[in-house]
Structures are given as C-alpha cells and as structure tokens.
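# A closer look at the structure
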Amino acid sequence: MDLHLLEKVNDTEWRIPPHGPMRVPGVLFADETLLREMDSKVYEQLCNVAGLPGIVEAAYAMPDAHWGYGFPIGGVAAFDPREGGVISAGGVGFDISCGVRTLHTGLKRAAVEKHKETLAAVLYNSIPAGVGSTGSIRLSAREMDAMLEGGARWAVEQGYGEAADLERTEEHGCMAGADTTRVSVRAKERQKREMGTLGSGNHYLEVQQVVAVYDEAAAGAYGLAVGDVVVSIHCGSRGLGHQIGTEYLKEMAVAAARHGITLADRELACAPLESDIGRAYLGAMRAGINCALANRQILTHLTRRAFGHVLPEARLDLLFDVSHNTCKEENHRVAGRDRRLFVHRKGATRAFGPGHPSLPPELRVAGQPVIIGGSMGTGSYILAGAGDGGERAFASACHGAGRSMSRHQATRQWRGGEVVKELASRGILIRSTSLRGVAEEAPGAYKDVGAVVDAAHAAGLAKKVARLEPMVCIKG
DNA sequence: ATGTTC
C-alpha cells in the first residue's frame, strides 16, 4: 500500500480522508511495515465500504487486513438502521461465525510431550477434517431447526459438552433471533452430515503450549501460565454458512439496485437493515452463527473423548469461544451518544473491554479473551479486550496472521511433505488429510503474527496476554 | 471459506 495516500495519526493508526462517495473516513490500524506490505486492494475496499449508506464513524481495517470479497478480511463497519444502514453478506464473509475456542487441559507440557505421537494419532482419527468431511451425526429436518435455533446450547442438551461451556461462549452459546425459515432447504441439506467436522483451508485443531505471558493479571484471570497445555479449535459453519452466503449475495445484488443503492463494487451487495431481505439475511445469518457454535461445541466433545483415551487426567475446561465473521447488533457510544448499531466484523474479533456486562463475572475485570490464531508454525496469541482510553473500532481486534501470499502461489513455493518434515524437526506434529492443504497453509504464506498482535496492542485494540506455540496440529 | 465451477 502507498503510504502517501494515508494521513498518519500515530505509529499504528492511519486515516483515509473522505473523498468521492465516501461518507466517513477509512482508518487502518497497523505499523508502517505491515502497511507497506498490505495489499493496495485493502485501501480500495475500505474506501468502497466507507461509501455505503448508514455507515457510522469510519470503515476500519485491522493490522491483519487483506483483500476479501467486497469487504476486506480484517474489516469492521457499523451501520445505523435508522439512517438507512445496510447489512451485507460480503461484510460477514462466506464462513458465517468462523471462530476460535480455546480449552484448558489442566496439563503441563512435559506430561503431554510424552504422549504427543499417540495424542496426534487419536485426535486425527477422532476429528473429521477436510473438504466435504462428514461426521457420525445425522440431523433430521426437525433436529436441524432445533440446532439452528439453539446453537451450542442445543449441542450441550444433546450431550455434547457441559453447561459450564455455555458461559464461556459468546452469546452464552445461543444467538437470539435465528430464523430457520430464512435458511434454504439446500443449505440445511448440505449441513445434515457436517456437524462436528473441522472443514479445510485455515481451519485446525491444535494442541498448544503457553510459551510467554505478557500480562500476569489477565493471564491469572484466564487461568494461563507458561508451560500450560491448551487446545484451540478454529472452524465455522461449514456448508450451511457458505450456502447462506452464496444465496443472499445474489439476492442482495438485486435488492441493492431496487433500493437505489449505488455500489462502487458489485461485491458490496447489501440491503437496508430495515427491509425484507435485510431482515431475512439477519435471521439466516444468526442461524448460521448457531450452527458454528454448535459445531465447535461438538468438536469440543470429540476432543475431550480423544484426550480421555490418551491422557485421562486431562480436564478440558473452556477458556472462551469467540467468532470473527459476524454482524452483531450492539450498543456503542459514538460522539457522546449511545447508539444501537449493527457491527460487521469480517476477519475481525469482538474485543469487549473490562466491565462489559455480557462477560462472565470471572472474566469481567480482565476483559474478554481475544483469540488470535496464527499459522501452523508461528504460534497464536491470547489477548484481552482493552478498556482503557475507550473502545476502538467498535470494540474489535485482529483475528489472525492474515495471508501474505495466495494459496496458488504457496503451492508453487512449498511441498506439503517438506512443510510437515520441517515442522516435525521443531517438535510440531502436523496431521492433515491434504498435503496440498499443508503447502497452502505453509507458515511462510502468512504475515508475521507477532507484528500483527504488537500493532493491535499498540493501537489499543486489545492487550497482549499470552503467546501459544503448537505441539500438534490437525488440519483438513 | 466452499460437495475447491449450478
């Protein structure tokens, strides 16, 4: 990206002054190095988003932002329904409610290290992964609707996990306002056999060790110390979310024209929140959120069972589950006024600061855990929502390392087998259904997650709490 | 991300 196009606010905040059809400025949170390497398409897409009706305050890009469908991945935009604000399927992303949950194990590194090979084999055999992967669960039409309305709460009622898990899940495990009548039969058909499956791409299940703690107080509240072993699960709403996204994008392209919304890019297809199609998508998307929450809940159950076979002393308590592809109705104070807004976070994590009423009491002082998945080799981070100095970007932070190279480019540069070997030499066991997938996900195809997290911390989006390094990684 | 191009 050309830095001359930006006004520097400080080292990690850069502003695009409104010009042309932009209604609000664009704001990028990143340091100079990340910005220089950032695709110039992010600049273009941020300007386009800033021109959408009813947008409030600014169109934001997180430090891991890259080129996405219409909206950048790593983008945040909030809309006011009373000012003609819109909702966009491309502003949520195809994988509705894709997210990460991290579980404690109660184990230290040495105890797991001894059984690492066996654990990798048992997890690999327990967790269905890969394109089109199916599990042992089959849902009838009635069960499908119950799942789409109940989310992780439904999954716990079915015996997948514990009630305590729900208190550590966004929306307490169940997104209100899901409308199953707005989800097509085809979307439901695709999902019938996909509950409790990981999928492919950048989705993974990792056994990780805490290698650094940056904030003792927050780490204490989160129950994390150096040497602790945790499990992180990254996945979303599988075929159902993808089908909802595909169908509503088409409908919204028509709806936008009908409502007189001019789009700088047809990929920005959207509809007024106060319209039939806007409300329909909202209901369907919320069902998609519940699907992802239920999916991660079932995977948690499978993970506990796998650990039970290998390390029966393990106790997998949920630290937190947070999504990074959503549109949520939230209260935010803008220029001294409390407003009810619809916040799109696409490849961006909600990051509520200390004291937020939606957080469980044990986490309220520290703020919401913000889980940042890195690439297979480079590690992940736990951050905490920042409260000091007020919230930034509608209480949002980055979500991962962010790709720096296309999948195609990565497969030309690396061989999957060599990536597996190289990581094994560093003690990281990769078990994947696809060697091509491993090449596409090679650590070198991603930005430096440490630089992304440092920028998020410096920009006041969230505070660094702990760094995790992988021990075992199960991939599609 | 995605029954990786209805």
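All of these numbers come straight from a predicted model, not from anything done at the bench.

About the thresholds
- Residues numbered from 1 in each chain as written.
- Chains lettered and ligands numbered in written order.
- Predicted model: local features only at pLDDT ≥ 70, side-chain atom pairs only at ≥ 80, totals over all residues.
- Heavy atoms only, no water.
- Helix = DSSP H or I, 4+ residues; strand = E, 2+ residues; numbered from the N terminus.
- Rg over C-alpha atoms; globule rule 2.2 N^0.38 Å.
- Buried < 20%, exposed > 50% of the residue type's maximum accessible area, 1.4 Å probe, protein only.
- Contact = heavy atoms within 4.5 Å.
- Areas by Shrake-Rupley, 256 points an atom, 1.4 Å probe, with all protein chains shown as cover.
- Lys, Arg positive; Asp, Glu negative; His and termini not counted.
- Charge placed at Lys NZ, Arg CZ, Asp CG, Glu CD.
- UniProt positions renumbered as here; feature names shortened; annotations may be inferred.
- 1 Å grid on protein atoms, 1.4 Å probe; cavity = no way out; pocket = protein on both sides within 12 Å on 5 of 7 lines; lining within 4 Å.
- Polar contact = N/O pair within 3.5 Å; in protein donor to acceptor, adjacent residues only side chain to side chain.
- Arc of directions from axis to C-beta.
- Pairing = 2+ DSSP bridges.

### Notes on the overall build of chain A
Scanning chain A from N- to C-terminus turns up 15 helices and 19 strands. Rg of the C-alpha trace for chain A: 21 Å, near the compact-globule value of 23 Å for 476 residues, within the 12% margin. A buried classification covers 62% of the 476 residues belonging to chain A. At a minimum sequence separation of 6, the contacts of chain A that also span at least 24 residues come to 78%. Carbon and sulfur atoms make up 49% of the accessible area of chain A, which totals about 17,500 Å². Across chain A, the 54 positively charged side chains and the 54 negatively charged ones have centroids separated by 4 Å.

### Some remarks on the UniProt feature "binding site: Mn(2+) 1" (unreviewed entry) in chain A
The sites that carry the UniProt feature "binding site: Mn(2+) 1" (unreviewed entry) are, in the present numbering, Asp 95 and His 203. These annotated residues cover 109 residues of sequence, and their C-alpha atoms lie no more than 10.8 Å from one another, placing them together at a single site. Of the annotated set, the members that line the largest pocket are Asp 95 and His 203. Secondary-structure assignment places Asp 95 in the loop between β6 (86-87) and β7 (99-108). Using a relative accessible area of 19% as the deciding quantity, one classes Asp 95 as buried. Residues in contact with Asp 95, not counting those within four places in the same chain, are His 203, Gly 236, Ser 237, Arg 238 and Asn 325.

### Re the side chain of Arg 350
Take Arg 350: it is sitting in strand β14 (residues 349-350). Among residues more than four places away in sequence, those in contact with Arg 350 are Glu 170, Glu 171, Val 322, Ser 323, Lys 328, Glu 330, Arg 345, Ser 358, Gln 368, Val 370 and Ala 395.

### So, the environment of Ala 445
Its place among the elements puts Ala 445 in the loop between α14 (435-440) and α15 (449-458). Sequence separation between Ala 445 and Phe 79 is 366 residues; the distance between their C-alpha atoms is 33 Å.

### Quick notes on the UniProt feature "binding site: Mn(2+) 2" (unreviewed entry) in chain A
Cross-referencing UniProt, the feature "binding site: Mn(2+) 2" (unreviewed entry) maps to His 234 and His 324 in the present numbering. These annotated residues cover 91 residues of sequence, and their C-alpha atoms all fall within 10.3 Å of one another, placing them together at a single site. The annotated residues named above include His 234 and His 324 as those lining the largest pocket. Among the secondary structure elements, His 234 is positioned in strand β9 (residues 228-235). Given the relative accessible area of 6%, His 234 is considered buried. Apart from the residues within four sequence positions on either side, His 234 is in contact with Cys 98, Gly 99, Val 100, Leu 198, Asn 202, His 203, Tyr 204 and His 324. Along the chain, His 324 falls in the loop between β11 (318-323) and β12 (325-334). Residue contacts for His 324: discarding those within four places in its chain leaves Cys 98, Gly 99, Val 100, His 234, Arg 345, Lys 346, Gly 347, Ala 348, Thr 349 and His 399. Within the structure, His 324 has its side chain in polar contact with the side chain of His 234 (distance 3.3 Å).

### A look at helix α4 (residues 116-126)
All of the buried residues in α4 are Lys 116, Leu 119, Ala 120 and Leu 123. Buried residues along α4 cover an arc of 100° about the axis, so they all sit on one side. Turned more than 90 degrees off the buried face of α4, the exposed positions are Glu 117 and Asn 125.

### Some thoughts on the pairing of strand β8 (residues 204-213)
Summarising burial for β8: 8 of the 10 residues are buried, a large majority. Bridge analysis of β8 against β9 gives 6 bridges, and the strand direction is antiparallel. What sits directly across from Glu 206, in β9, is Ser 232.

### Considering unusual backbone geometry
Of note in the backbone geometry, His 172 takes a positive phi value of approximately 55° without being a glycine. Residue placement: His 172 occurs in the loop between α6 (163-167) and α7 (185-191). Although it is not a glycine, Arg 238 adopts a positive phi angle of roughly 50°. Following the sequence through the fold, Arg 238 ends up in helix α9 (residues 238-258). Arg 238 gets classed as buried once you look at its relative accessible area, which sits at 14%.

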